[in-house]
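Coordinate analysis (summary)
Single-letter residue listing:
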Amino acid sequence: MEHLEDHERKQMWETIQDALFNDHIDQFRAEFLELHPYDQARIFEEMDADVRLQIYTYLSPQEIADVMEHIDYEEIEPFFAEMDPRFAAQVFAEMSTDDAVDILNELDKDKVASFLTIMDDDAADEIKDLLHYEEKTAGSIMTTEFVVVKEAMTIREAMLHLRKEAPDAETIYYTYVIDEDKRLVGVISLRDLIISEEEWLISDVMSERVVSVSVGEDQEEIARMMRDYDFLALPVLDFQHHLLGIITVDDIMDVMEEEASDDYSKLAGISDVESADENAIQSAKKRLPWLIILLFLGSFTASLIGRFEETLDKVAILAIFIPLIAGMAGNTGTQALAVAVRGIATGEIDKQGKWKLILREAATGLITGISCGVLITGVVALWQNNIYLGLLVGLSVALTLVVATLAGSLVPLLMHKFNIDPAVASGPFITTINDIISILIYFGMATAFMNLLI
């Protein structure tokens, strides 16, 4: 089914609502279940709580599970809170294990323990196995719902096994091959299974070159691997090469969105991604730590200007160019920061080398600095009828752009070297640091060449 537009979804919701209010259960189920789970989730979010309570009696745990898997994990807690606990536990049991774990990680630990106690033992055990893995690692995002075959099987035996297990598997496009000790020894695609002769052995058809990840691998690195290799799934192994689970491309898309949002929020100087429905107090709590740090750094910048009070007293015209020079430093530093953080996030810097980036940014800063410096020298000299003032401002801009560009690229590289998220070298932070640098350059040169300016 095609993706519904907002007005189509609204019309569909009105039709479903009429069926609900008139107790036409069969009509409601027919209309609602015809929709893609994504559209079901969007309609579900717009319903009032009392309407959802009615729907829980009309849909099975499996059908509700399909809806829940398409709602953002951060916003899902109220829906499970309004369900009957036993029904909620059944919903978790019917969900893909990795999705269930992601949602349970958002809930209170006592609630998680309660759901696991009520849940079917097999489903609870699978979820418990994944819950103990550290967040944002392969273990935390993998699913245990996959199909394996043994290398000694024939193609016919493997196909029969695949037909039996496929309904409960998240994907069957790759079938992984294990030996008698449950170690991963190969992989075979669904295409190869279909075109191979039934009497052939799996070991003769499989590919032994399997790209895999360890259970503790960082999810960002896994996202890069899946992007580079164009895989639909990646196997997850322990240190003894046992196959523990698989990571599918739909989970990696969620990871990429999460990492992008996280990096963007840090670049903006926010400690965590803000949700649109957060209140002012919650938003303020996330923004205040960085703002307080920047407030003190800004105070330091102000104190620096105070140290050059004598220079300003003698040549007051210098004050009007402070915002220009500081602003240029902040802008070019943020540009270099964005290039460096992106290069680190995508792995380009590891391929090309850090020194290549530093030299390129230094050259870029030099070219932009000279260009802007020459331009502003002419403008200021004509405007103020003072060639020395023009040269001072132009030279200050040129040096500031070179230094600010290097700072914008070096700071995230240094943070990355010490295993600190480079995105925390946020735009506001770099801007404030470059303000300090630009003030030192500008007033330092003005003080040195005071005799020419008076």
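First, a word on what this report is: a plain description of the structure on this page. Residue indices begin from 1 for each chain and proceed along its sequence in written order. Note on the predicted model: pLDDT of at least 70 is required for a residue's local features to be given, and 80 or more for side-chain atom pairs to be given and counted; whole-chain, interface and lining totals, by contrast, use all residues. The side-chain values count all of the structure's non-hydrogen atoms but skip hydrogen atoms and water molecules.

**Digging into the overall build of the chain**
Here a helix means four or more residues in a row that DSSP labels H or I, a strand means two or more in a row labelled E, and each is numbered from the N terminus. Along the chain, the regular secondary structure elements total 24 helices and 6 strands. Per-residue burial over the chain gives 43% buried out of 454 residues. Residue-level accessible areas treat just the shown protein chains as cover; the underlying method is Shrake-Rupley with a 1.4 Å probe. Here the chain displays about 24300 Å² of accessible surface, and carbon together with sulfur accounts for 56% of that area. Throughout, exposure labels follow a simple rule: accessible area from a 1.4 Å probe, protein chains only, divided by the maximum for the residue type, with under 20% read as buried, over 50% as exposed, and the rest as partly exposed.

**Overview of unusual backbone geometry**
Of note in the backbone geometry, Lys182 takes a positive phi value of approximately 65° without being a glycine. Inspection of the secondary structure puts Lys182 in the loop between strand 2 (174-178) and strand 3 (184-189). Residue classification places Lys182 among the exposed positions, given a relative accessible area of 59%. Even without being glycine, Asp230 reaches a positive phi, approximately 55°. Following the sequence through the fold, Asp230 ends up in the loop between helix 15 (219-229) and strand 5 (233-237).

**Re the sheet that holds strand 5**
Being paired, for any two strands, means DSSP has found at least two bridges between them. Within the open sheet, the 3 strands sit side by side as 4-5-6. Their pairing is mixed. The open sheet is flanked by strand 4 (213-214) and strand 6 (243-248), the only strands paired with a single partner. Bridge count for strand 4 against strand 5 is 2 bridges, and the pairing is parallel. Across the sheet, the residue bridging to Ser214 is Leu237, located in strand 5. Across the face of the sheet, helix 15 comes into contact with strand 4, strand 5 and strand 6 while running at roughly 135° to strand 5. For this analysis, residues touch if any pair of their heavy atoms sits within 4.5 Å. To get an axis, a line is fitted to the C-alpha atoms, and for a helix only the part in contact is used. The angle between two axes follows their N-to-C directions and goes from 0 to 180 degrees.

**Looking at the pattern of salt bridges**
When the charged atoms of two side chains lie near each other, side chains of opposite charge can form a pair. We define a salt bridge as a side-chain nitrogen of Lys or Arg found within 4 Å of a carboxyl oxygen belonging to Asp or Glu. A complete count under the given rule lists 9 salt bridges for this structure. The shortest N-O distance in the salt bridge between Arg183 and Asp181 comes to 3.3 Å. On the basis of relative accessibility, which here comes to 30%, the residue Arg183 falls in the partly exposed class. Among the salt bridges present, the one from Arg227 reaches Asp228, with a minimum N-O distance of 3.0 Å.

**Quick look at the side chain of Thr175**
Within the secondary structure layout, Thr175 lies in strand 2. Residue Thr175 is classed as buried on the basis of its relative accessible area, which comes to 1%. Sequence-distant contacts of Thr175, that is, excluding residues within four places in its chain, are made with Val147, Val148, Val149, Leu162, Val187, Ile188 and Leu193.

**Some points on helix 9 (residues 109-118)**
Considered for burial, the residues of helix 9 that qualify are Val112, Phe115 and Leu116. Taken end-on, helix 9 shows its buried residues confined to a sector of 100°, consistent with a single buried face. Helix 9 presents Asp110 and Thr117 as exposed residues on the side facing more than 90 degrees away from its buried surface. For helix 9, the elements touching its buried residues are helix 7 (85-94), helix 8 (97-104) and helix 10 (121-131). The N-terminus of helix 9 is capped by Asp108, whose side-chain oxygen sits 2.9 Å from the backbone nitrogen of Asp110. For this quantity, the arc is that covered by the directions from the helix axis to the C-beta atoms. Counting of polar contacts relies on pairs of N or O atoms within 3.5 Å, with two restrictions inside protein: one atom must be capable of donating a hydrogen and the other of accepting it, and residues adjacent in sequence are counted only when both atoms are side-chain atoms.

**Looking at the packing of aromatic side chains**
Whether two aromatic rings pair depends on their centres lying within 6.5 Å, for rings of Phe, Tyr and Trp, where Trp uses its six-membered ring; planes under 30 degrees apart make the pair stacked, over 60 edge-to-face, and the rest tilted. All chains considered together, the criterion is met by 12 aromatic pairs. Ring geometry for Phe92 versus Phe115: centroids 5.3 Å apart, planes at 50°, classification tilted. Placement of Phe92 in helix 7 and of Phe115 in helix 9 is noted, with a sequence separation of 23 residues between them. Exposure remark for Phe92: the relative accessible area of 1% places this residue in the buried category. Using a relative accessible area of 8% as the deciding quantity, one classes Phe115 as buried. Among the aromatic residues, those joined into a ring-pair cluster are Phe44, Tyr56, Phe79 and Phe87. Against the face of Phe44 rests Arg52, its NZ or CZ located 5.9 Å from the ring centre. Our definition puts a charge over a ring when NZ of Lys or CZ of Arg is within 6 Å of the ring centre and also within 35 degrees of the ring normal.

**Points about the nonpolar core**
Looking at soluble globular proteins, one finds that nonpolar side chains tend to be buried together. Residues belong to one nonpolar core when they are buried, are Ala, Val, Leu, Ile, Met, Phe, Trp, Tyr or Cys, and are joined through side-chain atoms within 4.5 Å. Formed by 59 residues in total, the largest nonpolar core has its most connected members in Phe44, Ile64, Met68, Phe80, Phe92 and Ile247. No other element matches the 5 residues that helix 7 contributes to this core. Other than its neighbours up to four places away in sequence, Ile64 contacts Phe44, Ile55, Tyr56, Leu59, Met83, Phe87 and Val91. Counting 24 residues, the second largest nonpolar core, distinct from the first, contains Phe321, Leu389, Val393 and Phe443.

**Quick look at a negative patch on the surface**
On the surface, a cluster of negative charge is contributed by Asp72, Glu74, Glu75, Glu106, Glu134, Glu135, Asp218, Asp250, Asp254 and Glu257. Secondary-structure assignment places Glu75 in the loop between helix 5 (61-68) and helix 6 (77-82). Put simply, a patch holds well-exposed residues, over 30% relative accessible area, that have no salt bridge, with like charges counted together within 9 Å and Val, Leu, Ile, Met, Phe, Trp or Tyr side chains within 5 Å. In this tally, Lys and Arg are treated as positive and Asp and Glu as negative; His is ignored, and so are the chain termini. A charged residue contributes its charge at one atom only: NZ of Lys, CZ of Arg, CG of Asp or CD of Glu.

**Here we look at the pairing of strand 3**
Here strand 2 runs beside strand 3; their pairing, made up of 5 bridges, is antiparallel. Bridge pairing links Val177 to Gly186 in strand 3. The antiparallel hairpin formed by strand 2 and strand 3 contains 5 residues in its connecting segment, where Lys182 sits at a positive phi of about 65°.

**Section: the sheet that holds strand 2**
One open sheet holds the 3 strands; their spatial order is 1-2-3, and the pairing between them is mixed. This sheet does not close on itself; its edge strands, each paired only once, are strand 1 (148-150) and strand 3. Geometrically, the sheet is characterised by an average inter-axis angle of 35° between neighbouring strands, direction not taken into account. Both strand 1 and strand 2 contribute to a ladder of 3 bridges, which runs parallel. Residue pairing across strands places Lys150 opposite Ile178, the latter belonging to strand 2.

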